[in-house]
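Descriptive analysis of the structure
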Amino acid sequence: MPLYECSTPSGMLDADQRQRLAAGITRIHAEETQAPEPFIRVVFDELAEGCGFTAGVPAPSVILRGGIRAGRSEDTRRAILTRSFELLREVTGAPAETIVISVMDFPSQWASEAGFILPEPTPEAEAAWLDDLEAAGKTA
Amino acid sequence: MPLYECSTPSGMLDADQRQRLAAGITRIHAEETQAPEPFIRVVFDELAEGCGFTAGVPAPSVILRGGIRAGRSEDTRRAILTRSFELLREVTGAPAETIVISVMDFPSQWASEAGFILPEPTPEAEAAWLDDLEAAGKTA
Amino acid sequence: MPLYECSTPSGMLDADQRQRLAAGITRIHAEETQAPEPFIRVVFDELAEGCGFTAGVPAPSVILRGGIRAGRSEDTRRAILTRSFELLREVTGAPAETIVISVMDFPSQWASEAGFILPEPTPEAEAAWLDDLEAAGKTA
């Protein structure tokens, strides 16, 4: 964790656009939170033709959902939301009003990575956690 | 936002049923919350054959998950849950015990639409937010 | 509810592995929470080739996400996280560092099953709820 999921209409993205989005979202999250990149995941799926509706009628949507550990500041979240929107605009070319983004908190102890319950998002807790992972030979 | 996601077994829904569900969920949400319809999204995906289990054995499920801004009353949520269930029953014909629905809150400031952080779900905050969107030429 | 969703790279799991994972996750949840198995759901989906990234580069991930009613102890959650990790390791053979798991709380009244708002996770509330379901002829 964090995990970002990006859903777009079928056929909207090619491999290069997915690569640019994944690299961009990873960079934004790392710069805004100082989280180490090896733990930042971005996945993509597609909404099939006829499977997206807005206001009850068929319409395309570009949906980015992030799940991050609770404890970041609201300024950090706002920066991620704002920069991700600009990235999605630039890479997809989708109209602004079709782009929805969420960045949701979850308590660190609700998730695990490599079998290790996540640390609080503080430098001390993260350093101790990374030591544990390294001692177990589980560092990426 | 709000965003409702509906997952059904592969092949259960045709285009007409998706349209009826999307229109119905949009109407329910709009009537119960007074949210403007242009911001209500419904998306559909399918669970592939052999990919759904209940009690550890293969079984179909009809899963509707909504994410809405925090601040609605519990009566509003209960009405959405109850009416969505009746709608799903009617449109899918699926047995009641296969239908699970959730309507989860998230704080307004955790999400954006067209690049604008969502307003609190009050008439005043929403009016100001819509004015911002209009001024930026981003109204749907 | 509870609902567990497992996402794996396309082609990683065959039908037998999905069956073992579904049975194992169901058993873990039932043993750790005493929830009745007929209400435990596990669904699977696949990440298409080129749709998963870690640290901004293509990489496989095995992602398990559970949503459970709030009110369980942190020991219960930790046991589910720990045992699910061991199960995923054993059944998928995936490297530990590719496996991420979350078990997220939601308030009982935010979801329904067979049209009935979920009870608090206490024996008394659950017994009364099951009586209601049975009276309505909706028991699985």
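Each remark here, short or long, concerns the structure printed above.
Let us look at the structure shown here. (Residues numbered from 1 in each chain as written. Chains lettered and ligands numbered in written order. Predicted model: local features only at pLDDT ≥ 70, side-chain atom pairs only at ≥ 80, totals over all residues. Heavy atoms only, no water.)

1. Here we look at the overall build of chain A
- When helices and strands are tallied, chain A shows three helices and eight strands.
- Order of helices (α) and strands (β) in chain A, N terminus to C terminus: β-α-β-β-β-β-α-β-β-β-α.
- Counting only C-alpha atoms and orienting by the principal axes, one finds that chain A spans roughly 50 × 30 × 25 Å.
- The buried share of chain A, taken over its 140 residues, is 54%.
- Here chain A displays about 5,500 Å² of accessible surface, and carbon together with sulfur accounts for 52% of that area. (Helix = DSSP H or I, 4+ residues; strand = E, 2+ residues; numbered from the N terminus. Buried < 20%, exposed > 50% of the residue type's maximum accessible area, 1.4 Å probe, protein only. Areas by Shrake-Rupley, 256 points an atom, 1.4 Å probe, with all protein chains shown as cover.)

2. Considering the interface of chain C and chain A
- Contacts between chain C and chain A engage 27 residues on the former and 26 residues on the latter.
- With both chains or domains summed, chain C and chain A bury close to 2,300 Å², and 60% of this area falls on carbon and sulfur atoms.
- The shortest N-O distance in the salt bridge between C:Arg65 and A:Glu5 comes to 2.8 Å.
- The interface formed by chain C and chain A includes 12 residue pairs in polar contact (both at pLDDT 80 or more).
- At the level of elements, β3 (52-54), β5 (62-69), α2 (74-92) and β6 (99-106) of chain C are the ones that each hand at least two residues to the side of chain C that touches chain A.
- Grouping the constituent residues of the side of chain C that touches chain A by class yields 14 nonpolar, seven polar and six charged. (Contact = heavy atoms within 4.5 Å. Buried area = accessible area lost by both parts, 1.4 Å probe. Salt bridge = Lys/Arg side-chain N within 4 Å of Asp/Glu carboxyl O. Polar contact = N/O pair within 3.5 Å; in protein donor to acceptor, adjacent residues only side chain to side chain. Nonpolar A, V, L, I, M, F, W, Y, C, P; charged D, E, K, R; others polar.)

3. Considerations on the interface of chain B and chain A
- In this complex, chain B contributes 26 residues to the contact, which on the side of chain A involves 27 residues.
- Summed over both partners, the interface of chain B with chain A buries about 2,300 Å², with 60% contributed by carbon and sulfur atoms.
- The largest per-residue losses of area from chain B upon contact with chain A belong to B:Arg41, B:Trp110 and B:Ser112, which jointly make up 28% of the total buried on that side.
- Our count for the chain B to chain A interface comes out at one salt bridge.
- Where chain B touches chain A, the interface holds 13 residue pairs in polar contact (both at pLDDT 80 or more).
- Secondary-structure elements contributing two or more residues to the side of chain B that touches chain A are β1 (3-9), α1 (15-33), β2 (41-47) and β7 (111-113) of chain B.
- Sorting elements by how many residues they give to the side of chain B that touches chain A places α1(B) first, with five residues.

4. Examining the relation of the copies chain C and chain A
- By a simple turn and slide, chain C fits onto chain A: the slide is 0.0 Å along the axis, the RMSD is 0.0 Å, and the turn is 120 degrees. Here the copies are linked by what is in effect a three-fold axis. Nearest to the rotation axis, the C-alpha of C:Asp45 is located 6.0 Å from it, this being the minimum over chain C. (Least-squares fit on C-alpha atoms with pLDDT ≥ 70 in both.)

5. So, the state of the cysteines
- Tallied over the entire structure, the rule returns zero disulfides over all chains.
- Considering cysteine sulfurs only, B:Cys6 is the nearest to A:Cys51, which forms no disulfide, with 9.8 Å between them.
- A:Cys51 gets classed as buried once you look at its relative accessible area, which sits at 7%. (Disulfide = S-S within 2.5 Å.)

6. Notes on the packing of aromatic side chains
Residue and element names in this part refer to chain A.
- Counted by the stated rule, this structure contains six aromatic pairs over all chains.
- Between Phe39 and Trp129, the aromatic rings sit 5.3 Å apart at their centres with planes inclined by 65 degrees, giving edge-to-face as the arrangement. In this pair, Phe39 is assigned in the loop between α1 (15-33) and β2 (41-47) and Trp129 in helix α3 (residues 123-135), connecting sequence segments 90 residues apart.
- Overall, the relative accessible area of 9% leaves Phe39 in the buried class. (Phe/Tyr/Trp six-rings, centres within 6.5 Å; stacked < 30°, edge-to-face > 60°.)

7. Overview of the packing of α1(B) against helix α2 (residues 74-92) of chain B
All names here are of chain B.
- Following both chains from N to C, one finds α1 and α2 inclined at 160 degrees, their axes separated by 10 Å at the closest point. Our classification of the angle between α1 and α2 gives roughly antiparallel. Along this stretch, α1 crosses α2, giving a crossing that reads as right-handed. Of the residues in α2, those in contact with Gln17, Arg20, Leu21, Gly24, Ile25, Ile28, His29, Glu31, Glu32 and Thr33 of α1 are Thr76, Ala79, Ile80, Arg83, Ser84, Leu87, Leu88, Glu90, Val91 and Thr92.
- Within the contact of α1 with α2, the residues separate by chemical class into eight nonpolar, seven polar and five charged. (Axes fitted to C-alpha atoms, helices over the stretch in contact; angles between N-to-C directions. Parallel < 35°, antiparallel > 145°, perpendicular 65-115°, else oblique. Left-handed = near helix turned anticlockwise from the far one by under 90°.)

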